[in-house]
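This is what each chain is made of:
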Amino acid sequence: MTEFAAVDLGASSGRVMVGRAGPGELALTEAHRFPNEPVRAAGTLLWDILSLYRGVLDGLAKAGPVASIGIDSWAVDYGLLDSSGALLGNPVHYRDSRTDGVPDQVARTLGDERLYEVTGLQKLPFNTIYQLVSAIGTPQYEAAQQVLLIPDLLAYWLTGELGAEYTNASTTELVDVHTRDWSLPLITGVGLRPSLFPPIRRPGSVIGEHSGTPVVAVGSHDTASAVVGVPAEGERFAYISCGTWSLVGLELPEPVLTEESRRANFTNEGGVDGTIRYLRNVMGLWPLQECMREWGTTDITDLLRGAAREKALQSVVDLDDPVFLPPGDMIGRLVRAAGLQDPSPPVITRCILDSLALAQQRAIEQAQQLAGRDVDAVHIVGGGARNELLCQLTADACGLPVLAGPVEATALGNILVQARAAGVIGGDLAALRAVLRQTQQIVRYEPRGDASAWRHAAKRIAG
Ligand code: LRH
């Protein structure tokens, strides 16, 4: 068996995992976990990138000798480098409000229809295109020579090599979904400098070396790695990569670029091996995480036990509403949106989970309609896979079996791409997923009831 290190940065913590891989074998251990605590400074919400880099270095030291290193993180955010390669300020958090109003401004210049035709991306206010446009004219932007997405920035610090890994670059809304390269017409069309964008590199390619160990490009968008880590058999499956976000959709060979798809705000992100992640961002466990922060608790088990005792579908909110995007006063926003009379933690938790199951069901149903593909099962991977109540509610709402796990799909997807690049495991995505099914624990939830209560609840929200 050969060992690989996966650096996986999430919105609330970072990890360095060691994966041991061989034909038909795959096992993961955690070498190091460190907090990811954004900081608000002078009114702007920032990532503490140096503390994250320190966590990466400590983790790699703890991991010991490995055959290679792969890095993934959340999408869209970036650092700017000056002409000497120095970082110009801390990367800004995608939940910062600096892009307020910018998507509409860009739409007036380029048109949302054209943006979708070229990039296939859902319109999220924090897409890199909008963040960069909001930075034009600032001293940092004017001094910048390169823009590097978070995993590419860390890879640059580890290896000295500049580049833009494709799966993550595809989330910028500046990559052409047809050519799978930067779109110069869009970049210049919004007034950005093309020289800022380094060459695209593909998952599986070697970036450079860190202290003699190869650093290999993986699906550096965490969701791209998570989807590699979905232990599905065949094509008739939907997935939910459930953590801070729920990324809900299908894996497709080609993008869906219809007007209906654009209006439903589905995205066509670039995946490993030329696949398309056809999905929508659903608010995920973020509202619950924010409530827990406000309640001052970290004990989710107790909350879920209380929520499971509450009556189903008492109150639901539309979790696709951008009102829930920024941090702060989540409880107040939920209480107002749901009209809750008794805003106790179990009631609020149940409201969030019912609403999340409903939003996930809606995205899966729409994805099938828009892509013309039916599914037989829903895979839930990531932290949400250990949330039994959410898995069961999702099965109930969808009227489909839910297959939950692995929790560590992202790190496993990261490791599998490295293992394949090293020649340790062979084959296409189906072959990699077969290894997951042989080695990882998966829990099956059967749908209960006839889903009609969920359809009524969905109408309540729509109405
Ligand atoms: C999940 C994720 C998601 C993006 C968001 C910014 O971690 O990468 O796919 O939309 O963060």
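About the cut-offs
- Residues numbered from 1 in each chain as written.
- Predicted model: local features only at pLDDT ≥ 70, side-chain atom pairs only at ≥ 80, totals over all residues.
- Helix = DSSP H or I, 4+ residues; strand = E, 2+ residues; numbered from the N terminus.
- Rg over C-alpha atoms; globule rule 2.2 N^0.38 Å.
- Buried ≥ 20, exposed ≤ 12 C-beta atoms within 10 Å, placed from the backbone.
- Contact = placed C-beta atoms within 7 Å.
- Domains from an automatic or database assignment.
- UniProt positions renumbered as here; feature names shortened; annotations may be inferred.
- Arc of directions from axis to C-beta.
- Pairing = 2+ DSSP bridges.
- Axes fitted to C-alpha atoms, helices over the stretch in contact; angles between N-to-C directions.
- Expected span 1.5 Å × (residues − 1).
- Core = buried A, V, L, I, M, F, W, Y, C linked by C-beta atoms within 7 Å.

1. Remarks on the overall build of the chain
Part 1: Within the chain one finds 18 helices and 21 strands.
Part 2: Taken over C-alpha atoms, the radius of gyration comes to 21 Å for the chain, in line with the 23 Å a tight globule of 463 residues would show.
Part 3: When burial is assessed residue by residue, the chain has 52% of its 463 residues classed as buried.
Part 4: For the chain, the share of sequence-separated contacts (at least 6 apart) that also reach a separation of at least 24 residues comes to 75%.

2. Remarks on the domain arrangement of the chain
By convention, interface size is frequently given as the accessible area that disappears when the constituent parts associate.
Part 1: By domain assignment, the chain separates into domain 1 (2-220) and domain 2 (222-405 + 442-463).
Part 2: Placing a centre on the C-alpha atoms of domain 1 and another on those of domain 2 gives a separation of 25 Å.
Part 3: Counting residues per element, the ones that place at least two in the side of domain 1 that touches domain 2 are β6 (69-73), α3 (112-119) and α7 (166-169).
Part 4: Per-element accounting of the side of domain 1 that touches domain 2 gives the leading share, 3 residues, to α3.

3. Things to note about the environment of Leu26
Part 1: Along the polypeptide, Leu26 turns up in strand β3 (residues 25-35).
Part 2: Spatially, the C-alpha atoms of Leu26 and Ile415 are 8.9 Å apart, while their sequence positions differ by 389 residues.
Part 3: Those residues in contact with Leu26, other than ones at most four positions away along the chain, are Gly19, Ala21, Leu412, Val435, Leu436 and Thr439.

4. Let's talk about the UniProt feature "domain: Carbohydrate kinase FGGY C-terminal" (unreviewed entry) in the chain
Part 1: Residues annotated by UniProt as "domain: Carbohydrate kinase FGGY C-terminal" (unreviewed entry) correspond here to residues 238-422.
Part 2: Regarding residues 238-422, the helix share stands at 46% and the strand share at 17%, and the terminal C-alpha atoms are separated by 29 Å.

5. Section: helix α17 (residues 429-439)
Helical periodicity: at 3.6 residues per turn, an α-helix aligns residues three or four positions apart in one direction.
Part 1: Every buried residue belonging to α17 is among Leu429, Leu432, Arg433, Val435 and Leu436, and all of these are buried. The buried residues of α17 occupy an angular sector of 150 degrees when the element is viewed end-on, so they sit on one face. Exposed and facing more than 90 degrees away from the buried side of α17 are Ala430, Ala431, Arg437 and Gln438.
Part 2: Check the buried side of α17 and you find it contacts β3, α9 (222-228) and α16 (409-421).

6. What about the sheet that holds strand β17 (residues 267-270)?
Part 1: Judged by pairing direction, the sheet is mixed, and its 7 strands sit side by side in the order β17-β18-β16-β15-β19-β20-β21 without closing on themselves. Sheet topology places β17 and β21 (443-445) at the edges, where each strand pairs with a single neighbour. On average, each strand axis in the sheet is inclined to that of its neighbour by 30 degrees, with strand direction left out of account.
Part 2: Note that strand β15 (residues 237-242) and strand β19 (residues 377-381) share 5 bridges and pair parallel. Each residue of the ladder has a partner; that of Ser241, found in β19, is Val381.

7. Topic: α16
Part 1: Here α16 spans 18 Å end to end across 13 residues, near enough to the 18 Å set by a 1.5 Å rise per residue.
Part 2: Buried residues dominate α16, accounting for 13 of its 13 residues.

8. Looking at the environment of Glu446
Part 1: Relative to the assigned elements, Glu446 resides in the loop between β21 and α18 (452-462).
Part 2: Glu446 sits in the exposed class, given 10 other C-beta atoms within 10 Å.
Part 3: Sequence separation between Glu446 and Thr394 is 52 residues; the distance between their C-alpha atoms is 9.8 Å.
Part 4: Among all residues touching Glu446, those that are not within four sequence positions of it are Ala395 and Pro401.

9. Describing the nonpolar core
Part 1: Membership of the largest hydrophobic core comes to 148 residues, with the highest contact counts inside it found for Ala5, Ala367, Val378 and Ile380.
Part 2: The dominant element in this core, judged by the number of residues it contributes, is helix α14 (residues 345-371), at 14 residues.

10. Regarding the pairing of strand β8 (residues 146-149)
The side chains of a regular strand alternate between both faces of the sheet.
Part 1: Burial along β8 is two-sided: Gln146 and Leu148 facing one way and Val147 and Leu149 facing the other are all buried.
Part 2: In the sheet, strand β7 (residues 78-81) pairs with β8 via 4 bridges, with the strands oriented antiparallel. Paired with Gly79 across the bridge in β8 is Leu148.

11. Observations concerning unusual backbone geometry
Part 1: With omega at 5 degrees, the peptide bond leading from Gly405 into Pro406 counts as cis.
Part 2: In this structure, Pro406 sits in the loop between β20 (402-404) and α16.
Part 3: Its identity as a non-glycine residue notwithstanding, Arg180 has a phi of 60 degrees, on the positive side.
Part 4: Mapped onto the elements, Arg180 comes out in the loop between β10 (175-176) and β11 (181-182).
Part 5: In this structure, Asp329 is a non-glycine residue whose phi angle is positive, near 45 degrees.

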